[in-house]
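Next come the chains, spelled out residue by residue.
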Amino acid sequence: MIEYKQSRLANGLTVLVNRDIATEMAAVNIIYRVGARNENPARTGFAHLFEHLMFRGTRNVPDFDLPLQMACGENNAFTNNDYTDYYITLPKDNVETALWLESDRMTGLEITESSLESEKKVVIEEFNQRYLNQPYGDQWLLLRDLAYKIHPYRWPTIGLTPDHVAEATLDEVREFYRHYYHPSNAILSIAGNIPEEQAIGMAEKWFGPIPGRAMQESEIPQEPEQTEARRLECVRDVPAVSITIAFKMGGRLSRQHYLCDLISDLLAGGSSSRLSHFLTKERKLFSAVNAYISNDLDPGLFIVTGHLLPGVNVADGEQAIWDELDKLKQEAVTGYELEKVKNKFEAGTIFGEINVMNKAMNLGYYNMLGDMSLLNGEVAIYRSITADEVARAAAGVFVPERSSTLVYIPENKISQ
């Protein structure tokens, strides 16, 4: 169980603190409520671009990493469709170095033509390497575009096209920074062996002087109900046929989210899971198969994907996947299966709470979700799931009319 104290500064910054007496390390995590979902459809990739720009230095600290290295700290960041997260670990006695650096770059980032052009090149090269120049690299580009027609989840974090980043002007980028990077759009969490009031006092010292700003939320267009199956077959330079089927599912705060997460473990949570056992070992149709959820704040995707073995027909592979999904609707999951995946989730939660960085991240994440009771309450939710609920969830999610199927066909298979 993670205990915490929460405060809100006058400028709107949310501060959460966990005192962990078992470690001499401290973790500082800051979430900005901005992800790919908040971007202009004509200027996608900006949230990810800022993940890079935030390490370029400020007017006061030209080299972000140098003072952190001197304080024996490490740092990194990630961006997804819903938010951007920056995190630092360092000895607890040096925690103010992290707070100083994060407060400085919250509003003092030095965005110049030179720094922008440099990071544009990095992001565009990342787009090319990860999405265009490797087998199956454009899977998320194609699948999101197939599954979503209106919601901004239709593009991945990297953006719809590298042209959007390439064509971004200095004024556009500075306005994005001004709009999203300020105290009232941020959540600061601190974990370590630091008294709660002392940690909140340090947050006030470093972030309190930053002026508050009213946050104007832009409305996110919601995806209409999907009523027809969608399908895309594409020919690529890939080693094997792959089949990916995506289904619409509930958002992060819905009961269906937990049901689908549990079902994904039933299907693909280890070598003894259903898909692995029946499709790779018993029927020998796939070389590898997986199932997972997108874990999005708004209604997201349940994804089943696999690579066919040579000589296996696409139709046979697809039907085999559907056979396993239909079993979940028609046959009760055994008590042993349910207990196994529930135990796995609980163990992962308990082990995750040992790590001071995970504690800081979780504090910020659940606050961002808007329901802090989930910080310590999700194990109970999983424990409450019944076999009947699993069957009903499978029947409601695994519906052909709500599916989007992406098939990769190797070029050499077409030429034969």
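The structure under discussion appears in the preceding block.
Residues numbered from 1 in each chain as written. Predicted model: local features only at pLDDT ≥ 70, side-chain atom pairs only at ≥ 80, totals over all residues. Heavy atoms only, no water.

Participant: Hey, could you run me through the pairing of strand 3 (residues 25-32) in this one?
Facilitator: Sheet faces and side chains relate simply in a regular strand, where the side chains alternate between the two faces. Of all eight residues in strand 3, seven are buried; the element is thus mostly enclosed. In this structure, strand 3 lies alongside strand 5 (residues 84-91), joined through eight bridges in antiparallel fashion. Bridge pairing links I30 to Y86 in strand 5. Direction of pairing for strand 3 relative to strand 6 (residues 186-192): antiparallel, over a ladder of seven bridges. The residue of strand 6 that forms the bridge with A26 is G192. (Buried < 20%, exposed > 50% of the residue type's maximum accessible area, 1.4 Å probe, protein only. Helix = DSSP H or I, 4+ residues; strand = E, 2+ residues; numbered from the N terminus. Pairing = 2+ DSSP bridges.)

Participant: What exactly am I supposed to notice about the environment of K359 here?
Facilitator: Here K359 shows up in helix 13 (residues 356-369). The spacing of K359 and Y4 is 355 residues in sequence and 9.7 Å in space, taken between C-alpha atoms. The contact partners of K359, leaving out residues within four places of it in the chain, are I2, N18, D20, A191 and E353. A polar contact is formed between the side chain of K359 and the backbone oxygen of E353, at a distance of 3.4 Å. (Contact = heavy atoms within 4.5 Å. Polar contact = N/O pair within 3.5 Å; in protein donor to acceptor, adjacent residues only side chain to side chain.)

Participant: Just to check I follow, could you spell out unusual backbone geometry for this structure?
Facilitator: Most peptide bonds adopt trans geometry, and most residues besides glycine take a negative phi value. We note that C72 has phi near 65°; this positive angle belongs to a residue other than glycine. The residue C72 is located in the loop between helix 2 (65-70) and strand 4 (74-79) in this model. Of note, the phi angle at N295 is positive, near 60°, even though the residue is not glycine. Residue position: N295 is located in the loop between strand 9 (286-293) and strand 10 (301-308).

Participant: So what exactly am I meant to see when it comes to the packing of aromatic side chains here?
Facilitator: How two aromatic rings sit relative to each other is set out by the distance from centre to centre and by the angle between their planes. According to the stated counting rule, one finds 23 aromatic pairs in the structure shown. Look at F50 and F176: their rings are 5.4 Å apart centre to centre, the planes differ by 25°, and that puts the pair in the stacked class. Taken as a pair, F50 in helix 1 (residues 46-53) and F176 in helix 7 (residues 170-180) lie far apart in primary sequence, 126 residues in all. When the centroid spacing of 5.4 Å and the interplanar angle of 85° are considered together, the rings of F247 and W322 count as edge-to-face. Residue F247 is found in strand 8 (residues 242-248), and its partner W322 is found in helix 11 (residues 314-330); the two are separated by 75 residues along the sequence. Comparing F247 with W322, the two get one shared label, buried. We note R105 situated over the ring of F64; from NZ or CZ to the ring centre the distance is 3.9 Å. Over the face of the ring belonging to Y148 we find K248, whose NZ or CZ atom lies 5.5 Å from the ring centre. (Phe/Tyr/Trp six-rings, centres within 6.5 Å; stacked < 30°, edge-to-face > 60°. Lys NZ or Arg CZ within 6 Å of the ring centre and 35° of its normal.)

Participant: Help me understand the sheet that holds strand 7 (residues 230-236), please; the structure alone is not making it clear to me.
Facilitator: Each strand in a sheet pairs with another by means of backbone hydrogen bonds, the pair being arranged parallel or else antiparallel. The five strands are arranged 7-11-8-10-9 in an open sheet whose pairing can be described as mixed. In this open sheet, the two strands that pair with only one neighbour each are strand 7 and strand 9. For this sheet the average axis-to-axis angle between neighbouring strands, irrespective of direction, equals 10°. In this sheet, strand 11 (residues 403-410) lies alongside strand 8 in antiparallel orientation, the contact comprising six bridges. Pairing of I243 across the sheet is with V407, part of strand 11. The strands touched by helix 10 (residues 274-282) are strand 9 and strand 10; relative to strand 9, the strand with the most contacts, the crossing angle is about 160°. Contacts from helix 11 reach strand 7, strand 8, strand 9, strand 10 and strand 11, with the element oriented near 40° to strand 8. (Axes fitted to C-alpha atoms, helices over the stretch in contact; angles between N-to-C directions.)

Participant: For this particular structure, what's the right way to read the sheet that holds strand 6?
Facilitator: Here six strands make up an open sheet; going across it, the order is 1-2-6-3-5-4 and the pairing mixed. Lying at the two open borders of the sheet, with one neighbouring strand each, are strand 1 (5-8) and strand 4. Across the sheet, the mean angle separating the axes of adjacent strands is 15° when strand polarity is ignored. In the packing of helix 1 onto the sheet, contacts are made with strand 4 and strand 5, and the angle to strand 4 comes to roughly 170°.

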